[in-house]
Amino acid sequence: MAYERIHPAVLVAYFLSVMIPAVFTLHPMMPLMALAGVVLLLLLTEPAPPRVRTIIWMSLLFLAVVITNPLFNHRGRTELFFLNGHAITLEAVLFGLRNAACVIAVLLWCHCMNRFVTGEKWLAILGRHLPKTALLVSSAMRLVPLLRKRGEEMRKSQQALGLYGDGDAMRQLSGGAKVFSMLVTWSLDHAVSVSASMKARGYGLRGRTTYSVYRFRREDAILLTLLIAADALVLTALAGKALSFDFYPVLNGSRNALTVPGLMTYGLVVLFAPIWEGRNRLLWNCYRSKI
Amino acid sequence: MELLQVENLTFTYPDAKKPALTDVTYTVREGTFTVLCGASGCGKSTLLHLLKKELAPFGKKSGSIRFDGTDYESLDSRVSASQIGILMQDPDSQIVADVVWQELAFALENLGTERSVIRTRVAEMATYFGIESWYHKRTGELSGGQKQLLNLASVMTLSPRLLLLDEPTAQLDPIAAGNFLSMLERVHRELGVTVLIAEHRLEDILPMADRVLVLTDGALTLDGTVDSLADAVREGHPLLAGMPAAARLWKLLGMPGDMPLSVTEGREMLRAVCASNVTPKASLNNAETAISKATPDTADAAVSETRKSKSADSAESAASLSEVYFRYERNGKDVLRDCSVDIQKGEHFCLLGGNGSGKTTLLHIIAGILRPYAGSCRLFGKKLAAYRSGELANGITALLPQNPKDVFVTECVKEDWLLACKTTVPEAEREETVRRTAEMLGATHLADCHPYDLSGGEQQKAALVKVLLRKPKLLLLDEPTKGLDARYKEELLAVLKKLKDESVTVLTVTHDLDFAAVSADRVGLCFDGGVTAVKPTHEFFTENSFYTTAACRIAGKMFPGAITCEEIVEAVKGEQA
């Protein structure tokens, strides 16, 4: 995976630079580009083809957003037809399409971010500035699956010891409550021993440092600089109303000197991930053929 | 050089009537390996915790502890944190972080080590301990043995001078325990760390030790080399039951000379015994007849009886599984595959096998917790599926789970015991049953405690009392001897004997071969998803040369058929007669 070698902070910065501008402007090109980029990225990186269920759900969501907007929003001048005495306008349909594309694009980018930026990487980012919080999050992340496992084990054992009786609801309920209260006791007990083990290894001494396996390399610095430059341009365009777009009453995009450079830069940012992935894949094939 | 000096240490817990430790005095030299032994609850843990300043329990303390010449009262907390490492019993409750590398870096971070130094030190430790392949794994996904290795590595990142270990292998299976102890020995030998370890597994640990300390009821009753243990053992010290098979045999035979510890030494001793007697050929025959006389005949008789009747009457089986398949996930691997086994009424059946061979799964299926997706299971002649929900757990089967903590659901042990009794019985009678059952296992003193305040061995005991109070026809035990000292094992054996008289069927899953050898009627080996090699106990152990008891390996070709020390002794006596 080409993303394994990018520093988590740069990764997060990248995903935010893709998602934020797409949400904060109504320009229809933005979500379309974001959607195109993420679809390409998914085609290149997704290990298994998406399940039919996922595709169906996504399509349903898309349709729902597209349909609801013109049904409840009757602004816009270009009337297509009337439904129950209300006008369904072209502008409202297009606005629905734009929103749907935006929702789906952000969902898919989030999915990618989740896959590339694992919990451990979030902690590495947090750890620098909020070491205590990072440690807390880390131990919480450990505790949740542990608690679930303990609860399941206790439930099974108690079932084999007849705590739940022969299936009558009252016994089941009181048994469940007993197991739950014991689980709470267990977690307190666990917390005490963990804190003992922490103290034994010097937790609480002054001058704690944090360690991370991720190093900020030259490549990361270059990528981050480029990203910041691109972001600056896109944000300036956003602030300068270069990417503003009105759907109502009629479609009307504002244009100035920054519109085209802004859109192009955003397009480059969005396409960066699939290009980077594709390039690394090509390179890899190249190296492999030489081995 | 003396690293640790303890003088006249007496310690009393608040509200306790008598001190947990009385007048303990000893020194530990730098670079030595000291084993601390004694029965459960004799004060081993208290002593170890007092040596680690941060974990010292509250209570009244007198006497002094000096580390490297400095009194504990004035010991710098940075020195104490980095130079004294401690490892406890439960692997899970010592891990702080979510991912392995975070855990390894934790102690170094606390001491404010620089990033570049941490990187080197963590890399060094991961390589040394063979952690590399799971360096990025989540700590929750590790096996118990890996967790305890991680805990050891995590303590070692600070390169401590003194390592305190409180029964670190009690929760591990024998293979993981062996790995852990050999890693510990390597750490001691190659890095020169001073080790002070409390441990039940004397068989594995004594060959590594320079020195042995024995605690009895809070007082130090023995302090010397491993050889000096010999005198105590010769006089029948309670420690004897936990000694390696060779040493036990040495005592039972009343041999002179050095106490043997390993199988090889034991075999040499036995050879010497044979050589000094009649010709080997004759002795062999004698031995065989002696064994058949000596073996606990009740067990063998029961087996032959059941074997005779087996073909005739299928209703005689307590549990019978045929061609059972089970998996945990739909796309997962079969944990049980074409698994068939038949457990006879009234017998004690021991199921042995490695980790992940499906032993516990099989037990859970019989207990009705898990449901196989193919094959048939019958309990006492009735299909498992035909039992109503909860009917099974009500007087038919009762399961002692691997983790005894799972058994308790109240804040007081006695309350849990009462909860296990049948509700139809009047209260006074229930109290009486509880009292009798607890007495039988020597657990009466645990009644008023909180279950989580008990030590691992005591929890096991209290849990077994609760399981027995369910009055099952088929008792299912999952690793009942895990973390137990030798004395309690004997008590457990007595209980099993009593259950046999009451013709309760017992199915035990265990790693403990010695336990199986002395208690089981028949033994089965779980392997590759099925139960193979179901045989009467003697046959099973004598036919195996590797997967067998230490006593059987010592007896070897000299006394074929003997699988316990007692049987070897009988054989030798038979030969001398």
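Residues numbered from 1 in each chain as written. Chains lettered and ligands numbered in written order. Predicted model: local features only at pLDDT ≥ 70, side-chain atom pairs only at ≥ 80, totals over all residues. Heavy atoms only, no water.

Asks: For this particular structure, what's the right way to read the overall build of chain A?
Replies: Secondary structure summary: chain A contains nine helices and four strands in total. Secondary structure elements of chain A, listed N to C terminal, follow the sequence α-α-α-β-β-α-α-α-α-α-β-β-α. Computed over C-alpha atoms, the radius of gyration of chain A comes to 26 Å, more than 25% over the 19 Å expected from 2.2 N^0.38 for 291 residues, which places it beyond the range of a compact globule. Expressed as lengths along the three principal axes of its C-alpha atoms, the size of chain A is roughly 70 × 60 × 45 Å. Split into buried and exposed, the 291 residues of chain A put 41% on the buried side. Contacts spanning at least 24 positions in sequence make up 75% of the contacts within chain A whose residues lie at least 6 apart. When the accessible surface of chain A is summed, it comes to about 16,200 Å², and 70% of that surface belongs to carbon and sulfur atoms. Charge separation in chain A, taken as the distance between the mean sites of 31 positive and 15 negative side-chain charges, equals 8 Å. (Helix = DSSP H or I, 4+ residues; strand = E, 2+ residues; numbered from the N terminus. Rg over C-alpha atoms; globule rule 2.2 N^0.38 Å. Buried < 20%, exposed > 50% of the residue type's maximum accessible area, 1.4 Å probe, protein only. Contact = heavy atoms within 4.5 Å. Areas by Shrake-Rupley, 256 points an atom, 1.4 Å probe, with all protein chains shown as cover. Lys, Arg positive; Asp, Glu negative; His and termini not counted. Charge placed at Lys NZ, Arg CZ, Asp CG, Glu CD.)

Asks: How do you make sense of the interface of chain A and chain B when you look at a structure like this?
Replies: Many structure descriptions define interface size as the accessible area lost when the parts assemble. The partner chain B presents 68 residues to the 53 residues of chain A that form the contact. Summed over both partners, the interface of chain A with chain B comes to about 5,200 Å²; 54% of that surface belongs to carbon and sulfur atoms. Looking at the side of chain A facing chain B, the largest losses of area belong to Arg142, Arg201 and Tyr211 of chain A, adding up to 18% of the total buried there. The shortest N-O distance in the salt bridge between Asp189 of chain A and Lys405 of chain B comes to 3.7 Å. Listed by contribution, the elements that provide at least two residues to the side of chain A that touches chain B are helix H5 (119-129), helix H6 (131-160) and helix H7 (169-200) of chain A. Counting residues per element, the side of chain A that touches chain B draws most heavily on H6 of chain A, which supplies 16 residues. (Buried area = accessible area lost by both parts, 1.4 Å probe. Salt bridge = Lys/Arg side-chain N within 4 Å of Asp/Glu carboxyl O.)

Asks: Whenever I open this one, unusual backbone geometry confuses me. Can you help?
Replies: What is expected of a backbone is that most residues other than glycine have negative phi and most peptide bonds are trans. Between Tyr248 of chain A and the following residue, Pro249 of chain A, the backbone shows a cis peptide bond with an omega angle of -10°. Within the fold, Pro249 of chain A resides in the loop between strand S3 (245-246) and strand S4 (252-253). With phi around 50°, Glu479 of chain B is a residue other than glycine that occupies positive phi space. If you trace the backbone, Glu479 of chain B turns up in the loop between strand S17 (474-478) and helix H17 (486-501).

Asks: Would you mind showing me how to read the pairing of strand S6 (residues 84-87) of chain B here?
Replies: Residues in a regular strand project their side chains so that they alternate between the two faces of the sheet. Residues and elements named next belong to chain B. Side chains Ile84 and Ile86 project from S6 onto one buried face, and the interleaved Gly85 and Leu87 project onto a second face that is buried too. The pairing of S6 with strand S7 (residues 162-166) spans four bridges and is classified as parallel. Within S7, the residue paired with Gly85 across the bridge is Leu163. (Pairing = 2+ DSSP bridges.)

Asks: Help me understand a negative patch on the surface, please; the structure alone is not making it clear to me.
Replies: Taken together, the side chains of Asp227, Asp258, Glu265 and Glu268 of chain B define an acidic patch exposed on the protein surface. Of note, Glu265 of chain B is situated in helix H10 (residues 263-275). (Patch = residues over 30% accessible without salt bridge, like charges linked within 9 Å, V, L, I, M, F, W, Y side chains within 5 Å.)

Asks: Mind showing me how you'd approach the pattern of salt bridges here?
Replies: A pair can form between side chains of opposite charge whenever their charged atoms are brought close. Following the criterion strictly, the structure yields 36 salt bridges over all chains and no others. Among the salt bridges present, the one from Lys461 of chain B reaches Glu491 of chain B, with a minimum N-O distance of 3.7 Å. A residue pair is termed long-range when its members are at least 10 positions apart, and Lys461 of chain B in helix H16 (residues 456-469) and Glu491 of chain B in helix H17 qualify at 30 residues. Lys461 of chain B sits in the buried class, given a relative accessible area of 12%. With relative accessibility at 26%, the residue Glu491 of chain B sits in the partly exposed group. A cluster of three or more residues bridged by salt bridges with shared partners is formed by Arg5, Arg217, Glu219 and Asp220 of chain A.

Asks: Any chance you could explain a nonpolar patch on the surface here in plain terms?
Replies: Residue and element names in this part refer to chain A. A surface patch of nonpolar side chains, amounting to about 760 Å² of accessible area, comprises Leu63, Ile67, Leu71, Phe72, Leu80, Phe81, Leu83 and Leu90. Only helix H3 (52-72) and strand S1 (79-83) provide two or more residues apiece to the nonpolar patch. Top contributing element to the nonpolar patch by residue count: H3, with four residues. Assignment of secondary structure puts Leu71 in helix H3.

Asks: What's the story with the environment of Pro260 of chain B in this structure? I'm lost.
Replies: Residues and elements named next belong to chain B. By secondary structure assignment, the location of Pro260 is in the loop between helix H9 (245-253) and H10. The spatial distance from the C-alpha of Pro260 to the C-alpha of Leu249 is 8.9 Å, given a sequence separation of eleven residues. Setting aside residues no more than four positions away along its own chain, Pro260 makes contact with Ala246, Ala247, Trp250, Glu265, Gly266 and Met269.

Asks: Is there a simple way to think about the packing of helix H3 (residues 100-110) of chain B against helix H5 (residues 144-156) of chain B in this case?
Replies: How two helices sit against one another is set out by the angle between their axes and by the gap between those axes. All names here are of chain B. Two numbers describe how H3 lies on H5: the axes approach to 7 Å, and their chain directions differ by 35°. Between H3 and H5 lies a crossing whose hand is right-handed. Of the residues in H5, those touching H3 at Val100, Glu103, Leu104 and Ala107 are Leu150, Ala153 and Ser154. Across the contact of H3 with H5, the residue classes break down as five nonpolar, one polar and one charged. (Axes fitted to C-alpha atoms, helices over the stretch in contact; angles between N-to-C directions. Left-handed = near helix turned anticlockwise from the far one by under 90°. Nonpolar A, V, L, I, M, F, W, Y, C, P; charged D, E, K, R; others polar.)

Asks: I would appreciate a short explanation of helix H1 (residues 8-24) of chain A in the present structure.
Replies: Because the α-helix completes a turn every 3.6 residues, residues three or four places apart line up on one side. All names here are of chain A. Between the first and last C-alpha of H1 there are 24 Å, a value that for 17 residues agrees with the 24 Å anticipated at 1.5 Å per step. All of the buried residues in H1 are Pro8, Val10, Leu11, Val12, Tyr14, Phe15, Ser17, Val18, Met19, Pro21 and Ala22. Buried-residue contacts for H1 involve helix H2 (29-45), helix H4 (90-116), H5, helix H8 (218-239) and helix H9 (259-290). (Expected span 1.5 Å × (residues − 1).)

Asks: How do you make sense of the domain arrangement of chain A when you look at a structure like this?
Replies: Here chain A is partitioned into domain 1 (2-123 + 218-290) and domain 2 (131-200). Here domain 1 of chain A and domain 2 of chain A have C-alpha centroids that lie 42 Å from each other. (Domains from an automatic or database assignment.)

Asks: Before we go on, may I ask you to explain the sheet that holds strand S14 (residues 374-379) of chain B in this structure?
Replies: One key point about sheets: their strands pair by backbone hydrogen bonds, in either a parallel or an antiparallel sense. All names here are of chain B. An order of S12-S11-S14-S15 is seen for the four strands of this open sheet, with the pairing classed as antiparallel. Lying at the two open borders of the sheet, with one neighbouring strand each, are strand S12 (336-344) and strand S15 (382-383). Relative to S15, S14 runs antiparallel, the two being bridged by two bridges. When the bridges of S15 are listed, Leu379 appears paired with Lys382.

Asks: Could you clarify how one ought to interpret the domain arrangement of chain B in this entry?
Replies: Residues and elements named next belong to chain B. Entries for chain B in the domain assignment read domain 1 (2-224) and domain 2 (313-396 + 472-544). Facing seven residues of domain 1, the contacting portion of domain 2 comprises seven residues. At the boundary of domain 1 with domain 2, total buried surface from both sides reaches about 670 Å², with 51% on carbon and sulfur atoms. In this assembly, domain 1 and domain 2 are joined by zero salt bridges. Seen at the junction of domain 1 and domain 2, the total is zero residue pairs in polar contact (both at pLDDT 80 or more). Taken together, the residues of the side of domain 1 that touches domain 2 break down into three nonpolar, three polar and one charged. (Polar contact = N/O pair within 3.5 Å; in protein donor to acceptor, adjacent residues only side chain to side chain.)

Asks: Where do I start with the sheet that holds strand S16 (residues 397-400) of chain B in this structure?
Replies: All names here are of chain B. Read across the sheet, six strands follow the order S16-S17-S18-S13-S19-S20 without closing on themselves; strand pairing throughout is mixed. Across the chains shown, the open sheet's two edge strands, defined by having one partner strand only, are S16 and strand S20 (530-536). Direction aside, the axes of adjacent strands within the sheet are offset by 20° on average. The pairing of strand S19 (residues 522-527) with S20 spans five bridges and is classified as antiparallel. When the bridges of S20 are listed, Phe527 appears paired with Gly530.

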